[in-house]
Each structure stands twice: as structure tokens, then as C-alpha cells.
Amino acid sequence: GSVMMATELFSQLCPDVMTIDVGGATTDVHSVTQGSEEISRILVSPEPDAKRTVEGDLGLYINHDNIINSFLKGELEKLTGLSEEELQAELDDFRPIPETENAKKLIAALTTRAVITSVHRHAGHLIDLFFSGGRKSAAMGKDLTNIKIILGTGGALTQLPEGKDILLSIPRSNKGDRLLPQEGVKVLIDQEYIMASLGVLSMEHPKSALKLLVESLGGEDVSASCHSEE
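What you see is a predicted model, and the numbers here were worked out from it, not measured in a lab. Position numbers for residues start from 1 in each chain and track the written sequence from start to end. It should be noted that, the model being predicted, local features are given only for residues of pLDDT at least 70 and side-chain atom pairs only at 80 or more, the latter also being counted only at that level, while totals for whole chains, interfaces and linings use all residues. Neither water nor hydrogens contribute to the side-chain values; these are computed over all heavy atoms in the structure.

## Re the sheet that holds strand β1 (residues 17–22)
(1) Moving on: Pairing between two strands is assigned when DSSP locates at least 2 bridges connecting them. Only DSSP runs of H or I reaching four residues or more are called helices, and only runs of E reaching two or more are called strands; each is numbered from the N terminus. Spatial ordering of the open sheet is given by β3-β2-β1-β6-β7, a layout of 5 strands whose pairing is mixed. Edge positions in the open sheet fall to β3 (50–55) and β7 (186–189), since each of these has one partner strand only. Strand-to-strand twist across the sheet, computed as the mean angle between neighbouring axes with direction ignored, equals 15°.
(2) Moving on: Where β1 lies against strand β6 (residues 149–153), 5 bridges are found, and the strand directions are parallel. Each residue of the ladder has a partner; that of Met-18, found in β6, is Ile-150. In this description, a line fitted to the C-alpha atoms serves as the axis of each element, helices being fitted only across the stretch in contact, and the angle between N-to-C directions of two axes falls anywhere from 0 to 180 degrees.

## Details of helix α1 (residues 2–11)
(1) Moving on: Burial within α1 is extensive, with 8 of its 10 residues counted as buried.
(2) Moving on: Summary of the burial criterion: residues with accessible area below 20% of their type's maximum are buried, those above 50% are exposed, and those between are partly exposed, where the area comes from a 1.4 Å probe applied to protein chains only. Every buried residue of α1 is listed here: Ser-2, Val-3, Met-4, Ala-6, Thr-7, Leu-9, Phe-10 and Ser-11.

## So, a nonpolar patch on the surface
(1) Moving on: Only residues whose relative accessible area exceeds 30% and that form no salt bridge are eligible for patches; like-charged ones are grouped when within 9 Å, while nonpolar side chains (Val, Leu, Ile, Met, Phe, Trp, Tyr) are grouped when within 5 Å. Here, Shrake-Rupley sampling with a 1.4 Å probe gives the accessible areas, and only protein chains in the shown set may cover a residue. The salt bridge definition used is simple: a Lys or Arg side-chain nitrogen within 4 Å of an Asp or Glu carboxyl oxygen. A cluster of nonpolar side chains, namely Val-44, Leu-129, Phe-131 and Met-140, defines an oily patch on the protein surface of about 360 Å² accessible area.
(2) Moving on: Counting through the fold element by element, Met-140 comes out in strand β5 (residues 134–140).

## What about the environment of Leu-79?
(1) Moving on: Relative to the assigned elements, Leu-79 resides in helix α4 (residues 75–80).
(2) Moving on: Sequence spacing of Leu-79 and Ala-109 is 30 residues, and the spatial spacing of their C-alpha atoms is 6.6 Å.

## Things to note about helix α8 (residues 163–172)
(1) Moving on: Looking at α8, one finds that the buried residues are Gly-163, Ile-166, Leu-167, Ser-169, Ile-170 and Pro-171.
(2) Moving on: Taken together, the buried residues of α8 touch β1, α6 (101–122), β6, α7 (155–159) and β7. We call two residues in contact whenever any of their non-hydrogen atoms come within 4.5 Å of each other.

## Section: the pattern of salt bridges
(1) Moving on: Scanning the model with the defined rule gives 10 salt bridges in all.
(2) Moving on: When the shortest N-O distance is used, the salt bridge between Asp-16 and Lys-148 registers 3.9 Å. Note that Asp-16 is positioned in the loop between α1 and β1 and Lys-148 in the loop between β5 and β6, a separation of 132 residues in sequence.
(3) Moving on: A single network of salt bridges, built from pairs that share partners, joins Glu-55, Asp-57 and Arg-121.

## A word on the packing of aromatic side chains
(1) Moving on: Centres within 6.5 Å are what make two rings of Phe, Tyr or Trp a pair, Trp counting through its six-membered ring; a difference in plane orientation under 30 degrees is then read as stacked, over 60 as edge-to-face, and the rest as tilted. All chains considered together, the criterion is met by 1 aromatic pair.
(2) Moving on: Relative to Phe-94, the ring of Tyr-61 has its centre 6.4 Å away and its plane inclined at 15°; by these criteria the two rings are stacked. Of this pair, Tyr-61 sits in the loop between β3 and α3 (64–68) while Phe-94 is found in the loop between α5 (84–92) and α6, placing the two residues 33 residues apart along the sequence.
(3) Moving on: Under the relative-accessibility criterion, Tyr-61 is labelled partly exposed at 36%.
(4) Moving on: Any Lys NZ or Arg CZ that is within 6 Å of a ring centre and within 35 degrees of that ring's normal is treated as a charge sitting over the ring. One Lys or Arg, Arg-113, reaches over the ring of Phe-71 and ends 3.9 Å from the middle of that ring.

Here's what the structure looks like:
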């Protein structure tokens, strides 16, 4: 909930923002956007501007078996570049914080799956409605097509060198019917891993919290990302 507050605070500076928080027990998605006018005209039911979803089955430690079981046979080896024996060794000695290069490769693959799965669940999708006069396109759920900036927080996204690339893969995961962020979206990482703390701080000191958040997200890069969308 505190990360949601920090996301809403950041949206005052940069509208149309989404935060992905991949943790050991859950993966949380927070979005603040009204969506596009085009989608709003065909939306079946209204969605809140600020929405948070918590995926309790997508944790990198407590629930890592759930993510691993979502891969097809041989898929995880292909994505990580590990042999079957190397992968099994990492799974047998699975730890909350990866220490070896092989462990980091595994965590990167699991983080990517957690991110894509959670965002697809959070986002709405296009549907076809059939009437006596024919077919009509409609939309259900949260429209993320207007998202301009994706923020990454949580242990995995803030520490993995692939954090930005993982978030940039979200638009490419669209099969055509999901209301996901578009190609060209900006990605910023909570480098100091303090968004949750700043959400609490914003209750009493919003200006200071926003200043610290901008610094953690890259300072000048934040201004450039916001300015580029004006």
C-alpha cells in the first residue's frame, strides 16, 4: 500500500505511471492512469485511475515453485543458458538472495516471468461482443496503453543488472489483445530501494518524499523522461 502511495505521489510529477514490485512472497503492480480516450469509449465498465493488484502466487522465494512450474519442459534451461544439471543444482540449493552467477541467471528468468504474468493479470484486454446486427469491439479491465513511465522496485528489480531490460520486455509480451504499455515506454529503477519507505514519509512530508524518490530514480533522468512526454 505504501508503494501505491509513492506511485501516486510520483504521478503528480509524471502522469501515467506504473510501478512493478517483485518480492519474495508476492509481485505487486500499481498503476496511475486514466488510460486512452479511444479505449475509454469502448470500456465495458469503469476502472479507478489508481489501481493496485497483488499476486500472492508470484514470489521469488516463498512461492518460487509456482513460477518454476509455469515454464514448459526445457524452457527454463533455454532462457537461463544453464544445463539441466546446473539448473537442478540451483533449485536444490535455492536461496532468498542469489550469490552465484548461475543463481542470478535463474532469478532473472523467474523475475521476468513474474513481471509479465502479473502485468497481464493487472491489465485489461479487448473483447468482441456479438449482437443481432453484428460484432462490436469492446474493452474490459485497466487500460495501460497510455503509461509513459514504468518504475521498478523490490529486491530483484533494484539489484539485478537486467532490471530495466526485464521491464522493457512488457510491451513485447503483448499478443495483440492486452491493454499493455506501448513500445517506447520509459523505465526507471528505484536504485536505493526506498519507495515503500517514501510512501509512508509522504503522509507527513510529501515534498521531501518526492525529492528523495526522484533522486533514487535517477535524478536528471527522471526530469528528462517526464519532459520528453510533455
